[in-house]
Amino acid sequence: MDFDLQTEHIQIRDTVRKFCVNEVIPHAEQWEKDETFPRDIIKKMGGLGFFASPFPEKYGGTELGFLANIIVAEELARASLGLACCLNMQSGTCPMTLLLNGSEEQKEKYLPGIISGEKLGCFAVTEPNAATDVAGIETKAILDGENYVLNGSKMWITHASVFDAGVCFAKTDPSQRHKGLSAFIIEGDMPGLTGIAEKDKLGCRSSDTGQIVFEDCKVPKENLIGEEGQGFKIAESSLTYGRANIAARSLGIGQAAVDASIRYANEREQFGQKIGAFQMNKQIIADMVAEIDASRLLVYRAAWLQDQKRPSSNESTIAKFYASEAAVRAVIGAAKIHGAYTYSSEYSIGRLYRDVMLMTAGEGTSNIQRIIIANNALGWKK
Ligand SMILES: Cc1cc2nc3c(=O)[nH]c(=O)nc-3n(C[C@H](O)[C@H](O)[C@H](O)COP(=O)(O)OP(=O)(O)OC[C@H]3O[C@@H](n4cnc5c(N)ncnc54)[C@H](O)[C@@H]3O)c2cc1C
């Protein structure tokens, strides 16, 4: 067993780290405060190949693999979780759905723009009345001649008001649940489609999130991904990668909590000593260091399995569940270490505190990950 990273993994980690130090960390707090969506930075990230590693060269990928992609996610989330959220749209669920399920024409048309960061992607599942219950989606897509006519609305969609092209799930047979669901490619400027940004979010404010409303929106027949009724299977196929991606973002924000705690515990003094000298603070730091280390092993294992083209669905679920819960615990620990200064804009801990809960909700909540892990263990996989 080899725990060392390959040279190319170290190189991409160092490149992203340097990029974050120069281009992200100096602005991260202000972007969050002002709800600035840093479009130009995302373009630069695309230009540097940050989204390209899991994709074949013929679509603009670098074929560096999933572990490289996970390392990018971890490093970006360490600097800004808001910015890291775009990574999933540019290299996770959105383009992976196309890569795994799209026709050759669809891949050639859409993948290069998304992977290069020239175009922004989206992955629209969640609705006002259907979140965890994906089969309960109410948006309808009814075939009328050469087009599907979409009516309904999506909610909490990353890149809702800025995306160029993405994947959307709708019911082609509203009388069915799972079997009535289909996947489509939508474009941001289609008539009848409106993207509305959700303003004043609790956290991840530099990430565009919002509603996509469809009012008699005509989506060409050739934008159907796969066949009618395959939507649920298609969503599941890319969620394995999405879960590994959010697990890596959880790892990044957890590591940021560790970094901040160590810095502060070595700087702040009480009773004439560094606060890191107090055993109770040492316990908090030891717990978070150990848990984030364990998260890294789980997350890297899931990505390594993906690179070996081996089944990784259960391992990605375990990584997502553990790393997101460990990140929440690490951020709460960091807040205890920072005490009153958690509330000061002088430190990043307040931002981590506002951002981290998304990790236990996105790509399936912790409850759902627990159900999947337990069902797999019990041999009850549906
Ligand atoms: C910033 C942000 C960005 C997002 N980006 C996207 C995106 O790009 N695309 C997208 O499609 N969605 C996106 N989402 C939505 C996100 O994926 C959902 O929040 C998530 O799926 C959970 O939905 P919910 O929070 O509405 O919870 P609900 O489904 O309403 O569940 C509420 C609670 O009940 C629990 N629960 C529900 N059903 C069960 C059950 N059967 N058994 C046990 N417990 C259950 C859940 O675990 C949760 O704790 C985003 C959300 C945010 C906040």
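Residues numbered from 1 in each chain as written. Predicted model: local features only at pLDDT ≥ 70, side-chain atom pairs only at ≥ 80, totals over all residues. Heavy atoms only, no water.

Overview of the overall build of the protein chain
What counts, and what does not: Secondary structure elements are taken from DSSP: a helix is a run of H or I of four residues or more, a strand is a run of E of two residues or more, and numbering for both begins at the N terminus. As defined in this context, the radius of gyration uses C-alpha atoms, and a globule is described by 2.2 Å times the residue total to the power 0.38. Summary of the burial criterion: residues with accessible area below 20% of their type's maximum are buried, those above 50% are exposed, and those between are partly exposed, where the area comes from a 1.4 Å probe applied to protein chains only. Throughout, a residue-residue contact means that at least one pair of heavy atoms, one from each residue, lies within 4.5 Å. Each accessible area value is a Shrake-Rupley result obtained with a 1.4 Å probe; residue values ignore everything except the protein chains displayed when judging cover. For the purpose of counting charges, residues Lys and Arg are taken to be positive, whereas Asp and Glu are taken to be negative. His and the chain ends are not included. The atoms used to mark charge sites are NZ of Lys, CZ of Arg, CG of Asp and CD of Glu.
In terms of regular secondary structure, the protein chain is built from eleven helices and ten strands. Over its C-alpha atoms the protein chain spans a radius of gyration of 21 Å, differing by no more than 12% from the 21 Å that the globule rule assigns to 382 residues. Each principal axis of the C-alpha distribution contributes one length, and for the protein chain these read about 80 × 45 × 40 Å. Expressed as a percentage of the 382 residues in the protein chain, the buried residues total 53%. Pairs at least 24 residues apart make up 75% of the contacts formed inside the protein chain by residues separated by at least 6 positions. A total accessible area of about 17,300 Å² is found for the protein chain, and carbon and sulfur atoms account for 52% of it. Between the centroid of the 41 positive side chains of the protein chain and the centroid of its 48 negative side chains there is a distance of 4 Å.

So, the site of the ligand
Formally: Being near a molecule or strand, for a residue, means having at least one of its heavy atoms within 4 Å of it. Counting of polar contacts relies on pairs of N or O atoms within 3.5 Å, with two restrictions inside protein: one atom must be capable of donating a hydrogen and the other of accepting it, and residues adjacent in sequence are counted only when both atoms are side-chain atoms.
Near the ligand you find 17 residues, and of these Phe123, Thr126, Thr132, Trp156 and Thr365 are the closest. Between the ligand and the protein, one listed contact pairs a nitrogen atom with a side-chain N or O atom of Thr126 at 2.7 Å. Separating a nitrogen atom of the ligand from a backbone N or O atom of Trp156 is a distance of 2.8 Å. A total of 980 Å² of accessible area belongs to the ligand in isolation, and the protein chains cover 61% of it.

Quick look at the pattern of salt bridges
Our working definition: Salt bridge, as used here: a side-chain nitrogen of Lys or Arg that lies within 4 Å of a carboxyl oxygen of Asp or Glu.
In total, this model carries 16 salt bridges according to the counting rule given. Put simply, Arg296 and Glu74 hold a salt bridge, and the shortest N to O gap is 2.9 Å. Of this pair, Arg296 sits in helix H8 (residues 279-307) while Glu74 sits in helix H3 (residues 66-79), placing them 222 residues apart in sequence. Given the relative accessible area of 3%, Glu74 is considered buried. Lys109 is the partner of Glu187 in a salt bridge, and the nearest nitrogen-oxygen pair spans 3.9 Å. Of this pair, Glu187 sits in strand E5 (residues 181-187) while Lys109 is found in helix H6 (residues 104-116), placing the two residues 78 residues apart along the sequence. Residue Lys109 is classed as exposed on the basis of its relative accessible area of 57%. Several salt bridges converge on common partners, so that one network encompasses Arg17, Glu75, Arg78 and Asp259.

Brief notes about the side chain of Lys171
In this fold, Lys171 is placed in strand E4 (residues 165-171). Although buried, Lys171 forms no salt bridge, and the nearest oppositely charged side chain, Asp133, lies 7.6 Å from it. Looking at Lys171, its side chain comes within polar contact range of the main-chain oxygen of Ile137, at 3.2 Å. From its side chain, Lys171 meets the backbone oxygen of Gln176 in a polar contact 3.2 Å long. Contacts of Lys171, omitting those with residues within four sequence positions, involve Ala135, Gly136, Ile137, Thr139, Lys140, Ala141, Gln176, Arg177, Gly180 and Leu181.

Digging into the pairing of strand E2 (residues 140-144)
To keep things clear, this is the line we draw: Pairing between strands is defined by DSSP: at least two bridges between the two strands are required.
Two elements, E2 and strand E3 (residues 147-158), share five bridges in a ladder whose sense is antiparallel. The partner of Ile142 across the bridge, within E3, is Val149. Hairpin geometry of E2 and E3 is characterised by an intervening segment of two residues between the two adjacent antiparallel strands and by a positive phi of about 70° at Gly145.

Some remarks on the nonpolar core
Our working rule: As used here, the term nonpolar core means buried Ala, Val, Leu, Ile, Met, Phe, Trp, Tyr and Cys residues forming a set that is joined through side-chain atoms within 4.5 Å.
Core analysis: the largest hydrophobic core is formed by 92 residues, its most contacted members being Met45, Leu76, Phe169 and Val299. Top element by residues in this core is helix H7 (residues 231-265). It accounts for 14 residues. Listed in part, the 19 residues of the second largest apolar core include Ala170, Leu193, Phe214 and Val219.

Observations concerning H8
Counted only if it meets this: Here, expected helix span is obtained from the residue count minus one, scaled by 1.5 Å.
The end-to-end C-alpha separation of H8 is 42 Å, in line with the 42 Å expected for 29 residues at 1.5 Å each. Following H8 by one or two positions, Lys309 adopts a phi angle in the positive range, close to 55°.

Quick notes on unusual backbone geometry
If you check the backbone angles, Asp216 has positive phi at about 50° while not being a glycine. The residue Asp216 is located in strand E7 (residues 209-220) in this model. For Asp216, a relative accessible area of 53% gives the class exposed. The phi angle at Glu363 is positive, at roughly 60°, despite the residue not being glycine. Assignment of secondary structure puts Glu363 in the loop between helix H10 (349-355) and helix H11 (366-378).

Things to note about the domain arrangement of the protein chain
Heads up, the condition is: Domain delimitation follows an automatic or database domain assignment. Here the quantity called buried area is the total loss of accessible area, with a 1.4 Å probe, experienced by two parts when brought into contact, counted for both. We call Asp, Glu, Lys and Arg charged. Ala, Val, Leu, Ile, Met, Phe, Trp, Tyr, Cys and Pro are nonpolar, and the rest, Gly among them, are polar.
In terms of domains, the protein chain is made up of domain 1 (7-121), domain 2 (122-232) and domain 3 (234-378). For domain 1 and domain 2, the distance between their C-alpha centres works out to 22 Å. Of the residues lining the interface, 29 residues belong to domain 1; the matching set on domain 2 comes to 27 residues. Roughly 2,100 Å² is buried in total at the junction of domain 1 and domain 2, and carbon and sulfur atoms are behind 58% of that figure. The largest contributions to the domain 1 side of the interface with domain 2 come from Glu35, Tyr110 and Leu120, which together make up 28% of the buried area. If you look at where domain 1 meets domain 2, you find two salt bridges. On inspection of domain 1 and its partner domain 2, the count reaches eleven residue pairs in polar contact (both at pLDDT 80 or more). Taken together, the elements giving at least two residues each to the side of domain 1 that touches domain 2 come down to helix H1 (7-34), helix H4 (81-91), helix H5 (93-101) and H6. At seven residues, the largest contribution of residues to the side of domain 1 that touches domain 2 is made by H4. Residue composition of the side of domain 1 that touches domain 2, grouped by class: 13 nonpolar, ten polar and six charged.

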